[in-house]
Structures are given as structure tokens and as C-alpha cells.
Amino acid sequence: MSLYPMYARPRSVEEAVGLLAGLSSGAVVVAGGQELMPAVNSGTLMPEVFIDVAGIEALRGIDFNEGVLSIGALTVHRELQGNALVGEHLPLLANSASQVGGGWQVHNRGTIGGNIVAMHPLYDIAPSLLALEVELEIADESGVRTTAFADVLTDTRHGLGSDSLLVRVLARPQPSGSCWGYQKFKSTGGAYGSANAAAIVQLDGQSLSAVRLVVGAAAEKLEVIDLSHIVGKPWSEDVGRTIEAACREAISQPLSDQQGDAEWRRAMAGVVARRAVQQAINSQREEGAA
Amino acid sequence: MEDLLHMSALIQLRIDGELHELEVLPNATLLDVLRDEVGKKGTHMGCRTGHCGACTVMIDGKVAKSCITLAASLPRATITTIEGLQQDGEMGPIQQAFWDEAGLQCGYCAPGILLSTAELLADNHQPSAAEVDQALAGNLCRCTGYQSIKRAVHSACVRMYPDQETGIEEG
Ligand SMILES: Cc1cc2nc3c(=O)[nH]c(=O)nc-3n(C[C@@H](O)[C@@H](O)[C@H](O)COP(=O)(O)OP(=O)(O)OC[C@H]3O[C@@H](n4cnc5c(N)ncnc54)[C@H](O)[C@@H]3O)c2cc1C
Ligand code: FES
Ligand code: FES
């Protein structure tokens, strides 16, 4: 192995996982580079081999087959915002991609795959993907496996394992008749939220018949908030307060960083969660009124 | 496996209309290649973290921050830098609009802001004020307070599409 970094541009998934298996931990997969390159520039990351996966066709494109949307790992945030299939079946994902910071420049190059694998607690896409209960198609030398997104969420960043390649994201459409909300609360003019929440809500008349709520950016790990105790109730301020309390309780180890200190983060987690559920319900009412 | 590993990459970039064949190191950024290999000093370096947007160029018509773009990952691409916005040696309409409206003071951010404006106005002939904000969200300016920049985007739009009403309120 050379002292200088090396470059590889595999043409297929097989070539890429072969490289990953043959190389030691010094190899990194590069997709859009929007997460890696700042670290390379600052010298905190010094890869021995850059494995550029942009030439692998199997990682591209969005299609809808037998009720499943299959999104290539190289799909950039801008495509998630503008793609008709994503807009129709996964509006929550399209909206959270539009709330990624860094501007069009980052939206034009940052990929869904890089966003997932980075597993950065402040990132925007993961809360929606967990709310949507997506599955991931992951390849390594032994083949391709399909795993629930929830099962690869670990508390270490970069949690896929260094010999694996994320190939596609598989999602079922948001349930028909459901509504959704995504809230990102920023305390500064910077890119990242201090607390994010994604909600998918189903209503039966006025009452909440199902709520799937995920809170991010408030703790190292995403939290799925158990709201079984509000199911069957109509929306009220009291229900809102119950959601806030459930979040405060679930976030037992809040982050404390530039985005805000721990106690405040825990409080904001509750606020964004309540707002996301409220946003979902309001959108349904507006649709009903229209 | 060894035959897949390279010490450098050969890339073909059409930069502001001119074709360049370049051999780049695996960790070289597009910013460094543009400034140091090709002499495109109009592309500015402000942070190398992806936050300021001064290094913005267009890759195949889409803006990107060249400081966080791996040059090797562009085997063939068309690049537009600020220098590519001129027309026949004169300032192009976007440049002229920023000049006339004082859309820059020190000018450090300008290369990036003008390219973000160029991508916006390429497909949107009637951007709203909110759409302008969205298009410029990845570019920081420490001098102007942004108001003259928004006037300049409006003015550029009027120059490029004189027959259209723009949605941007005049400042
Ligand atoms: C200024 C700025 C602001 C930002 N703001 C936000 C924000 O507000 N919200 C947000 O969510 N994100 C934000 N980002 C992060 C942005 O980098 C991610 O959103 C982007 O999706 C990363 O994708 P990428 O393809 O560029 O990743 P890369 O940098 O290429 O890769 C990231 C990680 O994933 C690995 N990887 C990539 N693809 C694969 C794959 N297919 N299989 C296995 N491993 C893989 C890489 O090895 C690396 O470890 C911001 C970035 C910048 C520069
Ligand atoms: S120099 Fe590239 S974003 Fe600042
Ligand atoms: S004019 Fe000085 S930074 Fe924008």
C-alpha cells in the first residue's frame, strides 16, 4: 500500500464490495463527498483509498414496483424534492430533503445514501426514514441483504460497517388517508436543527387513530416516541402537552452542543414533536376544507 | 483488486468553454484544481468546510461548492466559473446587474452568489422573493446585508427576460 492516498472508481456493486473487503479500514466510500470532504480538508480524516461509487448504475434512479418505491443510494436531495414518485408517495421525505442546510449546492450533490450512512444525529433525512419504516438494501462480499432501517441505527456514527455498501432505500408509500409533518427547529442561522421531528398521523374522524413520531437532533440516537396513550383521542391542547411530556421523558440523554444545551434541547424536542403532529392534522383539515 | 487502485485520476473538464485534460491527485478538490492547475482565480476560497459558498461553480449546469467536490469524481464534466458568465469579453447580464445595483461590496462572495443566481434564472424566469432566498441560501455575504443582492437578482432577471413580470418585489 502506498503512502499517498489512492483512488478507485468501481463500475459495479461487486467490484466495490470486493475492494471494501480487500482493503483495511483506511478505505472510504465517497458518494457526494459533502460530509467527507470537509473532514478531508481539515485533516481530521485521511483516507488511504477513496472508493468513488458515482460510476455504479445500480445505485441510481427511483422506481416504483409492486407497491415499493426503490430509491438509489446516489439520489441527491434535489431529486428527492423534485421527483414525481417521491412527491406523490413519500411527501414527508421530499419535504425533509428540502430542509437540509447548505443550499442548492449541497442539495445538488449530497446523497440519501451518504446522509444515512453518516448517521449524524443532526441530519434531516433519518427521522423521516425511520417514521416511514423504510428498509435498506445493503451489499457486502457475501451478497445483498435487506434490513429494516431501525436495525442499522447504532449509537456509533458510520454504523453500516466498513465492508458494506448501501445500494438502495426501499419504502412503502405513506398510508392513504394519512397526513404528515416535518419540523426542524433552528436556534441559529446555521444549517442544523436543535431538534427535528417527523410525524405520520392517521385520523378517524376527529380522533387520532395512529401516530408514528420520530424525534432527531436532540440526542445521539433517533427516538421513536410511544404515543399509544393518546390514540383514540381528538386533538386538544392537553394532547399536545402529553406529546411534549412523552418526548421529554424519552430523551433521557440530550445532546449539549453548539445547537443548545441539554435541558433546552429536551424541551425543544417536545415542542417540535407537538408541532409536527399539529402540522399533520392541520394539513388534513385544510384538505378537507378545500 | 490492485488494477482498480490508482495514484491519480485522469479527468476531462470543459471549463468556461475550453477543454482541459487534467491528471489529479485522489484527494484534490475541484477548487484547488480550478485555481492552481487551471488558473481560474475568480473562484474564491473562504472556508473549505462547505459553509460560505464563495467557491461555488456550476457542474453540468448545477451549482456546487468546489471546495467539497472531489475533482477525481468528475471524469467528464462541464464547469462554469464566474469567468464563464462574461459574454464576448463584456460583462454578461447577471454581472452587469450586480455592478449596477451594487450587489457586492468587497466582492469576495460575488463569484458564488452570481453562479447561484445563474442557476436560478436558467429555469425560473419569474422567481418569487422566497425562491430567490432559497437559491441563495448556500451563499454567505458579510458586507451587503443581502438587500442589494436581491435587487441585483431582480435586475438580472429583468435584463434576461424583459417580457416577463418577475415575482420579486422591487427593493
Ligand atoms: C454546508 C453544509 C450544510 C449541511 N446541512 C445539512 C443539514 O442541514 N441537514 C442534513 O441532513 N445534512 C446536512 N449536510 C450534510 C450533507 O453532507 C448530507 O446531507 C449529505 O446527504 C451527505 O451525502 P454525500 O453523498 O455527500 O456523503 P459523502 O460525504 O460522500 O459520504 C458520507 C458518509 O457515508 C459513506 N457513504 C456514502 N455513500 C455510501 C454508500 N452508498 N454505501 C456505504 N457508505 C456510503 C461515506 O463513506 C461517508 O462515511 C450539510 C453539509 C454541508 C456541507
Ligand atoms: S470555500 Fe467552499 S464553501 Fe467556503
Ligand atoms: S460583498 Fe463582501 S462578502 Fe459579500
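Please refer to the structure placed before this passage.
Note that the coordinates shown come from a computational prediction; the quantities given were computed from them, not determined experimentally.

Chemist: So what's going on with the interface of chain A and chain B? Which residues, and what values?
Modeler: Counting residues at the interface gives 32 residues for chain A, matched by 34 residues for chain B. With both sides pooled, the region where chain A packs onto chain B buries about 2,800 Å², and carbon together with sulfur makes up 66% of that total. When residues of chain A are sorted by the area they lose upon contact with chain B, Tyr 7, Trp 104 and Gln 105 of chain A head the list and together hold 28% of the total. On inspection of chain A and its partner chain B, the count reaches 11 residue pairs in polar contact (both at pLDDT 80 or more).

Chemist: Before we move on, could you go through the site of ligand 1 and cite the residues and values that matter?
Modeler: Around ligand 1 lies a shell of 33 residues, among which Val 29, Gln 34, Gly 101, Thr 111 and Asp 124 of chain A are the nearest. Of the chains in the model, those with residues near ligand 1 are chains A and B. Interatomic distance of 3.2 Å between a backbone N/O atom of Ala 191 of chain A and an oxygen atom of ligand 1. Protein chains bury 97% of the 980 Å² of accessible surface belonging to ligand 1 in isolation. Where the shell around ligand 1 is concerned, the elements lending two or more residues are β2 (27-30), α7 (112-118) and β8 (165-171) of chain A. Top element by residues in the shell around ligand 1 is α7 of chain A. It accounts for 4 residues. When the residues that make up the shell around ligand 1 are grouped by side-chain class, the tally is 14 nonpolar, 16 polar and 3 charged.

Chemist: Lay out the pairing of strand β4 (residues 62-65) of chain A in plain terms, naming residues and giving numbers.
Modeler: Successive residues of a regular strand alternate their side chains across the two faces of the sheet. All names here are of chain A. Where β4 lies against strand β5 (residues 68-72), 4 bridges are found, and the strand directions are antiparallel. Looking at β5, one finds that Asn 65 is bridged to Val 68. The antiparallel hairpin formed by β4 and β5 contains 2 residues in its connecting segment, where Glu 66 sits at a positive phi of about 45 degrees.

Chemist: Requested: an account of the sheet that holds strand β9 (residues 178-185) of chain A, with residues and values cited.
Modeler: In any sheet, the strands associate via hydrogen bonds between backbone groups, in a parallel or an antiparallel arrangement. Residues and elements named next belong to chain A. Spatially, 4 strands are ordered β9-β10-β11-β12 in an open sheet, and the strand pairing comes out antiparallel. With partners counted over all chains shown, the strands left at the sheet margins are β9 and β12 (223-225), one partner each. Across the sheet, the mean angle separating the axes of adjacent strands is 15 degrees when strand polarity is ignored. Bridge count for β9 against strand β10 (residues 195-204) is 8 bridges, and the pairing is antiparallel. Note that in β10 the partner of Tyr 182 across the bridge is Ala 198. Strand contacts of helix α5 (residues 91-98): β9 and β10, with the helix running at about 15 degrees to β9, the strand carrying the most contacts.

Chemist: Please set out the environment of Val 271 of chain A residue by residue, giving values where relevant.
Modeler: Residue and element names in this part refer to chain A. Within the secondary structure, Val 271 is located in helix α11 (residues 262-289). Looking at Val 271, the relative accessible area reads 14%, which means it is buried. C-alpha of Val 271 to C-alpha of Leu 85: the two residues are 186 residues apart in sequence and 31 Å apart in space.

Rules of the game
Residues numbered from 1 in each chain as written. Chains lettered and ligands numbered in written order. Predicted model: local features only at pLDDT ≥ 70, side-chain atom pairs only at ≥ 80, totals over all residues. Heavy atoms only, no water. Contact = heavy atoms within 4.5 Å. Buried area = accessible area lost by both parts, 1.4 Å probe. Polar contact = N/O pair within 3.5 Å; in protein donor to acceptor, adjacent residues only side chain to side chain. Near = heavy atom within 4 Å. Areas by Shrake-Rupley, 256 points an atom, 1.4 Å probe, with all protein chains shown as cover. Helix = DSSP H or I, 4+ residues; strand = E, 2+ residues; numbered from the N terminus. Nonpolar A, V, L, I, M, F, W, Y, C, P; charged D, E, K, R; others polar. Pairing = 2+ DSSP bridges. Axes fitted to C-alpha atoms, helices over the stretch in contact; angles between N-to-C directions. Buried < 20%, exposed > 50% of the residue type's maximum accessible area, 1.4 Å probe, protein only.

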